[in-house]
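# Structural description and commentary
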Amino acid sequence: MFTLSNFIDNDDIRTLAQLGPFRVIEYQRDLSVTPGNAQTAYFSSAMHVRRRQVICDLSKANITLQAGAMQWMVGNVNATTGIKGVGDLLGKALRGSVTKESAIKPEYTGDGLLVLEPTYKHILLLDLLEWNGSIVLDDGLFLACDANLKHKAVMRSNLSSAVAGNEGLFNLGLVGQGVVCLESECPREELIEVTLQNDVLKIDGNLAVAWSGSLDFTVERSGKTLVGSAASGEGLVNVYRGTGKVLMAPVAGNT
C-alpha cells in the first residue's frame, strides 16, 4: 500500500482531463527557476506554455507506452515487452520500421500508478468508441494506450502519389475498445473535428492529427489535371474520403 502527498493535491497542479486509466495534469507555474530563467518562466506561464504529465491507473487497464515515456511508478507495477512470440516480434519490428514508431512498446501491468515524463506538448485523450473502434494517427503522436488495443500499419491507398507528395507510405492504426493518449502541438480546444458522411475532405498540408480507420487516405493533385493544379497555385493535397471523422489542426505545428 502506498500514499502520495504533494502531488495531485498540490495547489500548483490542475487536472485537465481524465478518461479511462489516464489523468492529464498541468503545472500552473514553474517554481524551479533561477534569476537567469525567471523571465522566460513567467511569460511561458502567461502564454499557457506549461508542463503537463500523464498519470496512468493500472487498476483500470494495462497500459502500452511509447518507448522511453515512463518517468516513475509506484505500487504493484510490472513492465514487460508485450511480445507474445517470435511472429509477434517480427510483426512489430516491421510495423515500427514503416510507421516511424518504436518497434517495441513496453506494456505495464498491475494495480499501481505509472507517471509519464513531463512535456510541454498538449495531451489528447481519445476514446475509440467515439471512432467506431478504429483510428489512424499522424506520425509521432502516439504516447500511450489501453493495452487491449491492437496496433497495425495502415497503408496509403495510392503509393505513387504518397511518394510524389513526400509523405510516408504507412501510418499507425489502433483498433479495439479503449483510450489512446496522444502528444499534440495543438491544444484540443483549437482542433477542428470534421465528420464525413460519404463525402471528401482535402487538406493542403500535414494538418490532420487523427482520422477514422474507415476513411480512405490518399495524396492527390488539387486539380483534375496538372495544368489545373498549377493554375490554382496548389500542388498535391491530402484527401480523406468516405464516412468517418478527421481531427485537424488549424495551423501546422511550430508555425
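Structural notes, computed from the coordinates.

What counts, and where the lines are drawn
Residues numbered from 1 in each chain as written. Predicted model: local features only at pLDDT ≥ 70, side-chain atom pairs only at ≥ 80, totals over all residues. Heavy atoms only, no water. Pairing = 2+ DSSP bridges. Helix = DSSP H or I, 4+ residues; strand = E, 2+ residues; numbered from the N terminus. Axes fitted to C-alpha atoms, helices over the stretch in contact; angles between N-to-C directions. Buried < 20%, exposed > 50% of the residue type's maximum accessible area, 1.4 Å probe, protein only. Polar contact = N/O pair within 3.5 Å; in protein donor to acceptor, adjacent residues only side chain to side chain. Core = buried A, V, L, I, M, F, W, Y, C linked by side-chain atoms within 4.5 Å. Contact = heavy atoms within 4.5 Å. Phe/Tyr/Trp six-rings, centres within 6.5 Å; stacked < 30°, edge-to-face > 60°. Lys NZ or Arg CZ within 6 Å of the ring centre and 35° of its normal.

With that settled, consider the sheet that holds strand 9 (residues 122-127). Taken together, 6 strands build an open sheet; the order of strands is 6-7-4-11-14-9 and the sheet is antiparallel. The open sheet has two edge strands, strand 6 (77-80) and strand 9, and neither has a second partner. This sheet shows a mean twist of 20° between the axes of neighbouring strands, independent of strand direction. Relative to strand 11 (residues 142-146), strand 4 (residues 63-65) runs antiparallel, the two sharing 3 bridges. Counterpart to I63 in the pairing with strand 11 is D146.

Relative to the assigned elements, N6 resides in the segment before strand 1 (13-19). Judged by its relative accessible area of 56%, N6 is exposed. In terms of polar contacts, N6 uses its side chain to reach the side chain of N10, at 2.8 Å.

Attention now moves to the nonpolar core. Among the nonpolar cores identified, the biggest contains 20 residues, and L126, I135, L137, L174, V180 and L182 are the most heavily contacted of them. Leaving out residues up to four positions away in the same chain, L174 has contacts with L128, G133, S134, I135, L137, F142, L149, K150, H151 and V180. Within the second largest apolar cluster, 18 residues are counted, among which are F22, V24, V54 and L58.

Residues in a regular strand point their side chains to alternate faces of the sheet. Counting buried positions over the 6 residues of strand 14 (residues 179-184) gives 6, a clear majority of the element. Across the two faces of strand 14 the burial is the same, with V179, C181 and E183 and V180, L182 and S184 all buried. Strand direction decides the pairing type here: strand 9 and strand 14, joined by 6 bridges, are antiparallel. When the sheet's bridge partners are listed, H122 is paired in strand 14 with S184. Bridge analysis of strand 11 against strand 14 gives 3 bridges, and the strand direction is antiparallel. From the neighbouring strand, A144 faces strand 14, where its bridge partner is C181.

Our next topic: the packing of aromatic side chains. For the structure on display, the rule yields 5 aromatic pairs. When the centroid spacing of 4.9 Å and the interplanar angle of 65° are considered together, the rings of W211 and F217 count as edge-to-face. The pair W211 / F217 is uniform in exposure class, with both members buried. Stacked on the ring of Y27, the Lys or Arg R51 has its end atom at 4.4 Å from the ring centre. Its end group placed over the ring of W131, K245 keeps NZ or CZ at 4.5 Å from the ring centre.

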